[in-house]
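Listed below are the residues making up each chain.
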Amino acid sequence: MISVNEFKNGLTILVDGELWRVVEFQHVKPGKGSAFVRSKLKNLRTGAVQEKTFRATEKVEPAQISTKAMQYLYQDGDNYVFMDTSTYEQLELPGSEIKDELNYLKENMTVNIIMYGSETLGVDLPNTVDLKVTATEPSVRGNTANGGSKPATMETGLVVQVPFFISEGDVLTINTTDGTYISRANG
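Conventions we followed
- Sequence positions are assigned chain by chain, starting from 1 and proceeding in written order.
- Thresholds applied to this predicted model are a pLDDT of at least 70 for local features of residues and 80 or more for the giving and counting of side-chain atom pairs; totals over whole chains, interfaces and linings are not thresholded and use all residues.
- As a convention, hydrogens and water are excluded, and side-chain values are obtained from all of the structure's heavy atoms.
- What is meant by a nonpolar core is a set of buried Ala, Val, Leu, Ile, Met, Phe, Trp, Tyr and Cys residues, joined one to another through side-chain atoms within 4.5 Å.
- Exposure classes here rest on a 1.4 Å probe applied to the protein chains alone. A residue is buried below 20% of its type maximum, exposed above 50%, and partly exposed in between.
- Helix and strand assignments come from DSSP, with helices taken as H or I runs of at least 4 residues and strands as E runs of at least 2, each series counted from the N terminus.
- Note on contacts: a residue pair qualifies if any of its non-hydrogen atoms lie within 4.5 Å across the two residues.
- Any pair of Phe, Tyr and Trp rings, taking the six-membered ring for Trp, is counted once the centres come within 6.5 Å. Such a pair is stacked with planes under 30 degrees apart, edge-to-face with planes over 60 apart, and tilted for the rest.
- Here, a strand pair is defined by DSSP locating no fewer than two bridges between the strands.
- Simply put, an axis is a line fit to the C-alpha atoms, just over the touching stretch for a helix, and the angle between two N-to-C directions goes from 0 to 180 degrees.
- In this entry, domain limits derive from an automatic or database-based domain assignment.

Enquirer: Would you mind showing me how to read the nonpolar core here?
Expert: Note on soluble globular proteins: their nonpolar side chains tend to be buried together. Counting residues in each nonpolar core, the largest one holds 27 residues, and the members touching the most others are F82, L105, I113 and I174. Mapped onto this core, the elements with two or more residues apiece are β7 (65-76), β8 (79-84), β9 (90-94), β10 (110-116), β12 (128-136), β13 (150-154), β14 (159-162) and β15 (171-175). The contacts of I113, once residues within four sequence positions are left out, are S66, T67, K68, M70, F82, L91, L93, T120, G122 and V123.

Next comes the structure, spelled out in structure tokens:
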């Protein structure tokens, strides 16, 4: 058991039988009464975010979360198949569980699978991925004076706002946390 005074961002805990990750927390010491910890927790199974207040003397159980390096192999109907790079063991995840991550997954890409015991909680993507532009409007000469951007569809189906000079076939570096264009990839 750990004290709520030891909270850190990213810490995974068990509260009421559910797995939660600490998103943010604040120690509050009012002038009158006892201290408490106000926290914002994200449920790792449902993705729901909840604010919860703990008394400063409370203790919570830490959850032992592990990550496994796995390679994304292929799509099989509504399931996506990953392979453990050390044991060659395969794991199937339903597309509904990794809906957001599918925008960034390419075949043969290595990602970290987040596990709690034998339960799979999700996919931990790298901070950036390189994706190829499959469709975008051609750039018009002289249309770049005021900066601006246009939509581009990537090879995974993700639509990203990109500068006017980007054309079809370009490989771009995309931020996986918010889906934004960073730069052209050095290829």
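Moving on from the model shown.
Enquirer: Got a minute to help me understand the packing of aromatic side chains in this structure?
Expert: Between two aromatic rings, the relevant description is the distance of the centres plus the angle of the planes. All chains considered together, the criterion is met by four aromatic pairs. Ring centres of F7 and F54 lie 5.5 Å apart, and the angle between their planes is 85°; on these two criteria the pair is classed as edge-to-face. Pair noted here: F7 is in the loop between β1 (2-3) and β2 (12-15) and F54 is in strand β5 (residues 49-55), with a separation of 47 residues, a long-range link. With a relative accessible area of 4%, F7 lands in the buried category. According to the relative accessible area criterion, F54 is buried, its value standing at 3%. A connected cluster of aromatic rings, assembled from ring pairs, spans F7, F25 and F54.

Enquirer: I'm lost on the sheet that holds strand β11 (residues 119-124) in this one. Help?
Expert: Two orientations exist for strands paired in a sheet by backbone hydrogen bonds: parallel and antiparallel. A sheet is described by the order of its strands in space; here five strands give the open sequence β9-β8-β7-β10-β11, paired in antiparallel fashion. Edge positions in the open sheet fall to β9 and β11, since each of these has one partner strand only. Each adjacent strand pair in this sheet contributes to an overall mean axis angle of 45°, direction not counted. The sheet contact formed by β8 and β9 spans five bridges and is antiparallel. Residue pairing for β9: Y80 is matched across the bridge by L93.

Enquirer: What should I look at first to understand the pairing of β11 in this one?
Expert: Two faces make up the sheet, and in a regular strand the side chains alternate between them. Pairing between β10 and β11: five bridges, direction antiparallel. Note on β11: the bridge partner recorded for I114 is G122. The hairpin turn running from β10 into β11, its antiparallel successor, is two residues long, and G117 in that turn takes a positive phi close to 65°.

Enquirer: For this particular structure, what's the right way to read the pairing of β14?
Expert: Burial along β14 is one-sided: V160 and V162 are buried, and none of V159 and Q161, which face the opposite way, are. The pairing of β13 with β14 spans four bridges and is classified as antiparallel. Each bridged residue has a counterpart across the sheet, and for K150 the counterpart in β14 is V162. Between β13 and β14, which follow one another and run antiparallel, lie four residues, and G157 among them has a positive phi close to 100°.

Enquirer: Would you mind going over the domain arrangement of the chain with me for this structure?
Expert: Many descriptions give the size of an interface as the accessible area lost when the pieces come together. Each assigned domain of the chain is listed here: domain 1 (2-62), domain 2 (65-124) and domain 3 (128-184). Of note, the centres of domain 1 and domain 3, computed from C-alpha atoms alone, are 40 Å apart.

Enquirer: Looking at this model, I keep getting lost on the environment of V111. Mind explaining?
Expert: Residue position: V111 is located in strand β10. When its relative accessible area of 3% is taken as the criterion, V111 is described as buried. The spacing of V111 and Y74 is 37 residues in sequence and 13 Å in space, taken between C-alpha atoms. In this view, V111 contacts K68, A69, M70, F82, L105, V123, D124, L125 and P126; residues no more than four positions away in its chain are not counted.

Enquirer: I'm lost on the sheet that holds β5 in this one. Help?
Expert: Taken together, six strands build an open sheet; the order of strands is β1-β6-β2-β3-β4-β5 and the sheet is antiparallel. Every interior strand has two partners, whereas the edge strands, β1 and β5, have only one. Pairing of strand β3 (residues 18-28) with strand β4 (residues 36-43), which is carried by eight bridges, proceeds in the antiparallel orientation. Paired with V28 across the bridge in β4 is F36.

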